[in-house]
Amino acid sequence: MKFKMILLLFLLALVVSTVNAEGQQTCAANLEAKCDGGSSDGWKGEFFPGISKIKYEGPTSKNPLSYKWYNAEEEILGKKMKDWFRFSVAFWHTFRGTGADPFGAPTKSWPWEDGTNSLAMAKRRMRAHFEFMDKLGVERWCFHDRDIAPDGKTLMETNANLDEVVALAKELQEGNKIKLLWGTAQLFFHPRYMHGAATSSEVGVYAYAAAQVKKALEVTHYLGGENYVFWGGREGYQSLLNTDMQRELDHLARFLKAAADYKKKIGFNGTLLIEPKPQEPTKHQYDWDAATAYAFLQKYGLLGEFKLNIECNHATLSGHSCHHELETARINGLLGNIDANTGDPQIGWDTDQFLTDIGEATLVMLSVVRNGGIAPGGFNFDAKLRRESTDVEDLFIAHISGMDTLARGLRNVAKLTEDGSLAELVRKRYQSFDTEIGALIEAGKADFETLEKKVMEWGEPSVPSGKQELAEMIFQSAL
Ligand code: XUL
Ligand code: CO
């Protein structure tokens with residue numbers, strides 16, 4: 001009996017710490033008083049006193065707090081590096097990530113945190129965030145509504161909390177020449193969204209989600225956001241036995257159409273982006289991958305209203321490479337933004353690590369360069385420190401390393417472009433279509449009778465080597 005009691009208490013503690021640690025988005029009951037906050041956030045001086053502005057020192061530098069490959073103002077392939085990347089810090093990972101996982105408590109205790117989810121704490125955290133970006137030299141950021149401001153007891157109170165923090169963010173943006181890459185609504189943390197938001201079986205939840213997105217679009221617009229993201233974390237199912245998939249997808253389409261209409265109504269010109277992910281937290285998420293999202297947009301007449309935000313770790317979860325997802329988005333005119341991160345080849349879930357693989361970064365940049373860049377999108381570091389990385393300077397090192405890796409990717413693409421042999425290999429591979437009959441086929445003017453006649457005339461076609469190993473050799477030589 002005693003053992004059962006201890007086990008019950010242990011499980012209860014685990015659930016409470018997991019819920020708090022995952023996001024700390026809800027005011028804990030015992031902190032009610034502090035949740036009301038005060039107007040002053042009670043923090044004086046710098047948040048990162050030992051760290052000065054991060055500078056480019058070149059590849060020979062041994063200083064971990066310097067850029068070795070990312071040189072913001074340097075021109076590569078006709079554009080400044082900073083304009084190719086338009087890097088962004090993800091507020092949720094960098095300033096709300098605690099290191100907690102389903103098996104363990106938070107590991108990070110940043111000096112500016114007071115353990116509450118109060119409004120005063122939200123403001124102090126926002127000031128720390130802007131100092132971080134300024135020192136890093138990153139000019140953009142992204143947020144979820146509930147990362148930056150605490151929930152109130154009613155939607156009205158929650159919106160008022162958000163307005164207060166957003167007003168401070170606007171002031172800090174102007175003072176630091178920092179822009180908002182995108183905003184989004186957090187439609188997955190609160191228990192009301194357990195069956196989904198736009199795809200919930202409950203009409204009240206659908207309506208609540210709509211009200212939340214309405215407000216998130218308004219504040220994103222107010223902050224001059226360049227994009228707005230829809231990641232449907234709980235828009236999916238755990239079992240088809242209790243799910244009306246057709247009805248849920250229809251609801252999702254109605255919801256997105258209403259969002260596109262509201263965007264126009266308030267004069268917001270940012271791009272609306274759908275972020276595909278195959279699963280986690282649901283067993284199946286409706287925006288499985290870029291091709292699924294494309295088919296959905298096409299079916300519901302939403303092409304032209306939305307583009308895609310491709311996240312590398314989501315790509316690998318769906319069984320594709322990041323390069324595949326980027327190319328699928330690119331060739332369909334849907335490449336809108338990149339959530340720059342990577343997964344772990346031995347782990348099956350969304351580890352959200354900073355991308356440090358130079359080969360992968362080069363493939364990513366091949367797509368971006370072919371696309372002519374991704375503005376008004378950018379590279380948002382939807383990536384977090386490992387649980388065991390607990391120094392404040394690790395936040396800087398992680399971003400520097402991610403930026404340097406992508407910068408190396410861009411430099412490698414410049415080498416490949418200058419060399420030209422990879423493009424030439426691909427051109428040659430398809431040159432049989434650069435003929436009269438090839439042109440007819442590509443123009444949709446070659447019927448089967450014409451082609452049969454050609455085969456009678458030509459006989460057996462010649463089939464040359466695909467030269468994959470040569471392509472790989474050329475690619476490797478640029479790394
Ligand atoms: C979750 C994820 C989200 C979205 C924004 O896997 O990537 O953080 O980027 O909601
Ligand atoms: Co993401």
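Every value quoted in this text rests on a predicted model; they were computed, and no experiment measured them.

## What to know about the site of ligand 1
All residues adjacent to ligand 1 are His-144, Thr-184, Val-229, Trp-231, Glu-275, Lys-277, Glu-311, Asp-339, Asp-350 and Asp-382. Residue composition of the shell around ligand 1, by class: 2 nonpolar, 2 polar and 6 charged.

## A few points about helix H5 (residues 119-136)
With 18 residues, H5 should cover 26 Å at 1.5 Å per step; its first-to-last C-alpha distance of 26 Å lies within 8% of that length. In terms of burial, H5 is a largely internal element, 13 of the 18 residues being buried. A positive backbone phi angle near 80° is found at Gly-137, which sits one or two residues after H5.

## Quick word on the nonpolar core
Membership of the largest hydrophobic core comes to 98 residues, with the highest contact counts inside it found for Trp-141, Leu-273, Leu-308, Ile-310, Met-365 and Leu-406. Residues contacting Leu-406, with those up to four places away along its chain left out, are Phe-85, Ala-340, Leu-355, Ala-361, Met-365 and Phe-379.

## Observations regarding the sheet that holds strand E5 (residues 87-90)
The 8 strands lie next to each other as E5-E6-E7-E8-E10-E12-E13-E14, forming a closed barrel whose pairing is parallel. Within the sheet, the average angular offset between the axes of one strand and its neighbour, ignoring direction, is 30°. For E5 and strand E14 (residues 379-381), the ladder comprises 3 bridges, and the chain directions are parallel. When the sheet's bridge partners are listed, Val-89 is paired in E14 with Phe-381.

## Details of the environment of Glu-460
Among the structural elements, Glu-460 can be located in the loop between helix H17 (448-458) and helix H18 (468-477). You can call Glu-460 exposed: it has 6 C-beta atoms within 10 Å. Separated by 144 residues in the primary sequence, Glu-460 and Thr-316 place their C-alpha atoms 40 Å from one another.

## With respect to the domain arrangement of the chain
As far as domains go, the chain holds domain 1 (67-419) and domain 2 (431-477). Just the C-alpha atoms count here: the centres of domain 1 and domain 2 sit 41 Å apart.

## Remarks on unusual backbone geometry
Looking along the chain, the bond that leaves Glu-280 and enters Pro-281 is cis, with omega of 10°. By the secondary structure assignment, Pro-281 is in the loop between strand E10 (271-274) and strand E11 (284-285). Cis peptide bonds are those with omega within 30 degrees of zero, and the linkage from Ala-375 to Pro-376 qualifies with 5°. Within the secondary structure, Pro-376 sits in the loop between helix H13 (358-370) and E14. The phi dihedral of Lys-177 is positive, around 55°, even though this residue is not glycine. Looking at the secondary structure, you find Lys-177 in the loop between helix H7 (155-176) and strand E7 (179-184). Positive phi, normally seen in glycine, also occurs at Glu-280, with a value near 80°.

Calculation criteria
Residues numbered from 1 in each chain as written. Chains lettered and ligands numbered in written order. Predicted model: local features only at pLDDT ≥ 70, side-chain atom pairs only at ≥ 80, totals over all residues. Near = placed C-beta within 6 Å. Nonpolar A, V, L, I, M, F, W, Y, C, P; charged D, E, K, R; others polar. Helix = DSSP H or I, 4+ residues; strand = E, 2+ residues; numbered from the N terminus. Expected span 1.5 Å × (residues − 1). Buried ≥ 20, exposed ≤ 12 C-beta atoms within 10 Å, placed from the backbone. Core = buried A, V, L, I, M, F, W, Y, C linked by C-beta atoms within 7 Å. Contact = placed C-beta atoms within 7 Å. Pairing = 2+ DSSP bridges. Axes fitted to C-alpha atoms, helices over the stretch in contact; angles between N-to-C directions. Domains from an automatic or database assignment.

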